[in-house]
Amino acid sequence: MPDSATRMPSLFIPHGGGPCFFMDWRAMGGPADAWDKTAGYLKGLIASLPEKPKGIVVISGHWEEDAFTVASAPAPGMIYDYYGFPPHTYELKFPAPGAPALAERIVALIQAEGLPARSDATRGFDHGVFIPFLLVTPEADIPVVPLSLKRDLDPEEHLRCGRALSALRDEGVLIVGSGMSFHNMRAFFSPAATQPSATFDAWLTQAIESPPEQRWQALRQWASAPAGLQSHPREEHLIPLMVAAGAAADAPGQRDFTDNVMMADISAFRFG
């Protein structure tokens, strides 16, 4: 992949709830416009970049393996890994190409960091990838390479994984963690989400905006943050942020977007 003269940022984005952007959310008990602000943010992402990416690496909160695993299919298929939604949402298509050569390079970079990594030529796009990216790149004309989480969800290893990929940002590759800054399924749609999500979001924003070394140490210890475990009883939707933050290297971080959806604060973050 040719070098780029411009360094890409790395991002952490909210991917919403199931196929939320492509249905009437009133069917799920919320207002019809619940996800409109988040959709608008996602639709504007490419225009906010210094140049159009040559490739996109997406770390999804919906893919876990015992080693970091990179999808290397040239034409990834669809994985409709959500349940109980309207029939038309199972007909959505995201025909973006894969990038086998980039996938193999990602494996080599992660292994060079001393972490276990492999490729998977059969993996397609789960909804942590195709749902937001149908808005981010509706033309589906940028190669997209999914990257799994490592099943132990160790924050340090995911920060290191991101660090291993940081060189790709100088080659026109956009690195995106796709998850949710608040993900407590039992609390959504209730006051139990409101204060914990606001408390954790404030801590997370402060951590992201800290100097890089302090940011790394804070994210390593996210579980001891105020309302951390209330916001993430299981952390698979937060850990993609660690990869994006690790890929930032010494770049500053900032909160890029915030909204309140399903009675919870949700945010996106940008590095660089």
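Criteria and cut-off values
Each residue is numbered by its place in its chain's sequence as written, counting from 1. Note on the predicted model: pLDDT of at least 70 is required for a residue's local features to be given, and 80 or more for side-chain atom pairs to be given and counted; whole-chain, interface and lining totals, by contrast, use all residues. Calculated side-chain values reflect all of the structure's heavy atoms, with hydrogen atoms and water omitted. The helix and strand labels rest on DSSP assignments: H or I over at least four residues marks a helix, E over at least two residues marks a strand, and numbering proceeds from the N terminus. With C-alpha atoms as the basis for the radius of gyration, the globule rule is written as 2.2 Å multiplied by the number of residues raised to the power 0.38. We call a residue buried when its accessible area falls under 20% of the maximum for its residue type, exposed when it is over 50%, and partly exposed in between, using a 1.4 Å probe and counting protein chains only. For this analysis, residues touch if any pair of their heavy atoms sits within 4.5 Å. Only the protein chains shown count as cover for residues, and the accessible areas themselves come from Shrake-Rupley with a 1.4 Å probe. His is not counted here, nor are the chain ends, while Lys and Arg score as positive and Asp and Glu score as negative. A single reference atom marks each charge: NZ on Lys, CZ on Arg, CG on Asp, CD on Glu. Strands pair, by our definition, only if DSSP identifies at least two bridges between them. Note on geometry: axes are C-alpha line fits, over the in-contact stretch for helices, and angles between N-to-C directions span 0 to 180 degrees. These descriptions rest on fixed angle ranges, namely under 35 degrees for roughly parallel, over 145 for roughly antiparallel, 65 to 115 for roughly perpendicular, and the rest for oblique. Here is the rule for handedness: rotate from the far helix to the near one, and if that takes an anticlockwise turn smaller than a right angle the crossing is left-handed, while a clockwise turn gives right-handed. In the scheme used here, Gly and all other residues not listed as nonpolar or charged are polar, with Ala, Val, Leu, Ile, Met, Phe, Trp, Tyr, Cys and Pro taken as nonpolar and Asp, Glu, Lys and Arg as charged.

J.: Explanation requested: the overall build of the protein chain in the structure shown.
T.: When helices and strands are counted, the protein chain shows eight helices and eight strands. In terms of overall size, the protein chain behaves like a compact globule, its C-alpha atoms giving a radius of gyration of 17 Å where 272 residues would be expected to give roughly 19 Å. For the protein chain, the C-alpha atoms occupy an extent of roughly 45 × 45 × 35 Å along the three principal directions. With 272 residues in all, the protein chain has 60% of them scored as buried. When contacts within the protein chain are restricted to residue pairs at least 6 apart in sequence, those whose partners lie at least 24 apart make up 82%. In the form shown here, the protein chain has an accessible surface area of approximately 10,500 Å², with 53% of it arising from carbon and sulfur atoms. In the protein chain, the 21 positive side-chain charges and the 31 negative ones have mean positions that sit 1 Å from each other.

J.: Help me out: how do you make sense of the environment of Pro-212 in this one?
T.: Relative to the elements of secondary structure, Pro-212 occurs in helix 6 (residues 212-220). The spatial distance from the C-alpha of Pro-212 to the C-alpha of Gly-246 is 9.3 Å, given a sequence separation of 34 residues. In this structure Pro-212 touches Ala-249, Asp-250 and Ala-251, once residues within four positions along its chain are discounted.

J.: I would appreciate a short explanation of the pairing of strand 5 (residues 144-150) in the present structure.
T.: On a regular strand, one side chain projects to one face of the sheet and the next to the other, so that they alternate. Among the seven residues in strand 5, seven count as buried, and that is most of the element. By the bridge criterion, six bridges tie strand 2 (residues 55-65) to strand 5 in an arrangement that is parallel. Paired with Val-58 across the two strands is Pro-146, which belongs to strand 5.

J.: Just to check I follow, could you spell out the packing of helix 4 (residues 155-165) against helix 8 (residues 239-247) for this structure?
T.: Any two packed helices are characterised by how steeply their axes cross, that is the angle between the axes, and by the distance between the axes. Where helix 4 meets helix 8, the axes come as close as 6 Å, and the angle between the chain directions of the two elements is 40 degrees. Considering their axes alone, helix 4 and helix 8 lie oblique with respect to each other. As for how helix 4 packs across helix 8, the hand of that crossing is right-handed. Here Pro-155, His-158, Leu-159, Cys-161, Gly-162 and Arg-163 of helix 4 lie close against helix 8, whose contacting residues are Ile-239, Met-242, Val-243, Ala-245, Gly-246 and Ala-247. The residue inventory of the contact of helix 4 with helix 8, partitioned by class, reads eight nonpolar, three polar and one charged.

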